[in-house]
Amino acid sequence: MLTTIIYRSHICDNVSVKSLEEMVAGANQINSRANVTGILLFNGTHFFQLLEGPEENVMEIYRHICRDQRHYNVVELLYDYAPARRFGKAGMELFDLRQSEKEEVLQVVLDKGTSKYQLTYNDRALQFFRTFVEATEKENYFEIPAGDAWEFVPDDEVVQLGAPLKSTSTEYSFAFQPIIDPLTREIASVEALLRTPDGGGPQAYFAGMQGDEVYLADLHSKKVAFAMAGGLNLHEQALSVNLLPMTLVKIPEAVDVLLAGIATSGLVPEQIIVEFTEGEVISGFDAFTGAVRQLKAAGISVAIDHFGAGFAGLQLLTQFQPDRIKINRELIKDVHTSGPRQAVIQAIIKCCHSLEIAVSAVGVEKAEEWMWLESAGISQFQGHLFARPAFDQIPQVAWPEKKADL
Ligand SMILES: Cc1cc2nc3c(=O)[nH]c(=O)nc-3n(C[C@H](O)[C@H](O)[C@H](O)COP(=O)(O)O)c2cc1C
């Protein structure tokens, strides 16, 4: 199927324009053989390229391009299908934007177009060309250094936050994972994650239960989490626990039980963040908002976990504004290479900023993901890059340290 990929990237310092011309000559031959068109724009700093042709061939060439050491921060902007080529002639052509006026360049590129309709109507590919030539999106290009620009150095101090803790339940325990601000080197909060003895999550634990048993077990487990967290030397740090929204609905005295557990463990309600997952909130929304009112009245903060993974997305925020949202791993994965993910995350950040909702990113595994998200304005992170959940204790945090030669 005729496939189009558009990406942008940043040229490496050591690449001369002369060597680019040689690269284009070689690429022209490869593209022609593969029946692929490559229209390449260059503005002195950034490349912008449209590749179109048979899907397999476009993908293969794009894979090579992504690995090319002459550029970095390759961000895929568009992956789409079309009925006909926009640029009929297979091969490769370079347009240096510095050599002509913006309008002229765009016209020269459009004149290369061979599809009667594609370039005339509101074609997304054409809009991307226009945006790049006019440089209207430039403030959203976050130039991040290579992933190995930072080292992640485990910190012994964190372990002293608490001695190993013991669960009061024989059926489950809690693993603890910090949510950190990597640049100020602070642990903002610690999340208690329910684990069965063989490492299963809450779903595995609740699986065999019937009816309201699930909600009673959910509520009871929070008392265990509070008791264990009471043994940690939490100071300014908050404690996050997960709760099923229906637990608050089905058990009328649930908030009182939570407050009693918090007090017995030497914690204060203002220190507690209750996290709900987006999908669960939506399925019983009215009952949920009623129950949340009680939590807020008691001083407990509310977060929406796995934001972006449910069905509601931004619409949820028109109905209910939590204190914090945690952006889901699915959105964060390889955000540094994906234009659509970047656009969606930026929209979430902007929206939350307007509503004074704090945003954190969950499931961060790669240094590049973290660097991009920091550049976009997120400062709190949770993920294996910094610390894996640790059974019955707070794990060491691997703090980022910039390598000396950078
Ligand atoms: C900005 C940029 C655009 C490129 N465009 C193409 C292209 O359209 N087609 C192509 O075959 N190679 C292109 N290349 C070169 C490839 O990355 C790669 O060098 C080439 O496919 C040869 O593959 P190899 O170096 O793995 O042997 C481009 C490189 C850069 C830096």
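Cut-offs and rules
- Residues take numbers from 1 onward in each chain, read along the sequence in its written order.
- In keeping with the predicted nature of the model, local features appear solely for residues at pLDDT of at least 70, side-chain atom pairs appear and are counted solely at 80 or more, and the whole-chain, interface and lining totals rest on all residues.
- In computing side-chain values, all of the structure's heavy atoms are included and hydrogens and water are not.
- Secondary structure counts use DSSP, requiring at least four H or I residues in a row for a helix and at least two E residues in a row for a strand, with both numbered from the N terminus.
- If even one non-hydrogen atom of a residue comes within 4 Å of a molecule or strand, that residue is called near it.
- A 3.5 Å cut-off defines polar contacts: any pair of N or O atoms within that distance qualifies, except that in protein one atom must be a possible hydrogen donor and the other a possible acceptor, and neighbouring residues in sequence count only when both atoms are side-chain atoms.
- Each accessible area is a Shrake-Rupley result for a 1.4 Å probe, and residues are judged covered by the shown protein chains and nothing else.
- Start and end points for every domain follow an automatic or database-based domain assignment.
- In this analysis, two residues are considered to be in contact whenever any of their non-hydrogen atoms come within 4.5 Å of each other.
- Here's the idea: put two parts together, see how much 1.4 Å probe accessible area each one loses, and the total over both is what we call buried area.
- Salt bridge criterion: a side-chain nitrogen from Lys or Arg within 4 Å of a carboxyl oxygen from Asp or Glu.
- Any residue that is not Ala, Val, Leu, Ile, Met, Phe, Trp, Tyr, Cys, Pro, Asp, Glu, Lys or Arg is counted as polar, Gly included; the first ten are nonpolar and the last four charged.
- Only protein chains enter the area calculation, which uses a 1.4 Å probe; residues under 20% of their type maximum are buried, those over 50% are exposed, and those in between are partly exposed.
- Put simply, buried Ala, Val, Leu, Ile, Met, Phe, Trp, Tyr and Cys residues joined by side-chain atoms within 4.5 Å make one nonpolar core.
- Like charges are joined within 9 Å and nonpolar side chains (Val, Leu, Ile, Met, Phe, Trp, Tyr) within 5 Å, but only among residues with over 30% relative accessible area and no salt bridge; these make up the patches.
- For the charge count, each Lys or Arg is scored as positive and each Asp or Glu as negative, with His and the chain ends excluded.
- For charged residues, the charge sits on one atom: NZ in Lys, CZ in Arg, CG in Asp, CD in Glu.

A.B. asks: Where do I start with the environment of Asp392 in this structure?
C.D. replies: By secondary structure assignment, the location of Asp392 is in the loop between strand 15 (390-391) and strand 16 (397-402). For Asp392 and Val302, which are 90 residues apart along the polypeptide, the C-alpha to C-alpha distance reads 24 Å.

A.B. asks: Before we go on, may I ask you to explain the site of the ligand in this structure?
C.D. replies: Lining the immediate surroundings of the ligand are 16 residues, of which Asn31, Gln49, His64, Asp68 and Arg70 lie closest. Separating an oxygen atom of the ligand from a side-chain N or O atom of Arg70 is a distance of 3.1 Å. When the ligand is considered free in solution it has 600 Å² of accessible area, and contact with the protein chains removes 78% of it. Per-element tally for the shell around the ligand: the top contributor is helix 1 (residues 17-34), with four residues.

A.B. asks: Explain the domain arrangement of the chain here, please?
C.D. replies: A common measure of how large an interface is: the accessible area buried when the components associate. The domains assigned to the chain are domain 1 (2-140) and domain 2 (147-402). Just the C-alpha atoms count here: the centres of domain 1 and domain 2 sit 42 Å apart. Of the residues lining the interface, six residues belong to domain 1; the matching set on domain 2 comes to seven residues. When domain 1 packs against domain 2, the two sides together hide about 410 Å² of surface, and 37% of this comes from carbon and sulfur. The largest per-residue losses of area from domain 1 upon contact with domain 2 belong to Val75, Glu76 and Asn140, which jointly make up 68% of the total buried on that side. The tally of links from domain 1 across to domain 2 stands at zero salt bridges. Applying the counting rule to domain 1 against domain 2 returns three residue pairs in polar contact (both at pLDDT 80 or more). Looking at which element gives the most residues to the side of domain 1 that touches domain 2, the answer is strand 4 (residues 71-81), with four residues. Taken together, the residues of the side of domain 1 that touches domain 2 sort by class into three nonpolar, one polar and two charged.

A.B. asks: Could you clarify how one ought to interpret the pattern of salt bridges in this entry?
C.D. replies: Proximity of charged atoms lets side chains of opposite charge pair with each other. For the structure shown, the criterion picks out 16 salt bridges. With a shortest N-O distance of 2.6 Å, Lys326 and Glu275 are connected by a salt bridge. You can see Lys326 sitting in strand 12 (residues 324-327) and its partner Glu275 sitting in strand 10 (residues 272-277), a full 51 residues away along the chain. Take Lys326 and Glu275: they sit in the same class, and that class is buried.

A.B. asks: Would you mind showing me how to read the nonpolar core here?
C.D. replies: Generally speaking, a soluble globular protein has its nonpolar side chains buried in company with each other. Ranked by internal contacts, the top residues of the largest apolar core, which has 82 residues, are Phe176, Leu239, Phe276, Ile325 and Leu373. For this core, the leading source of residues is helix 6 (residues 213-230), giving nine residues. Formed by 20 residues, the second largest nonpolar core is a distinct cluster that contains Tyr7, Leu20, Leu40 and Tyr62.

A.B. asks: Mind showing me how you'd approach a negative patch on the surface here?
C.D. replies: Side chains of Glu101, Glu103, Glu104 and Glu134 sit close together on the surface and give a patch of like negative charge. Of note, Glu103 is situated in helix 3 (residues 102-111).

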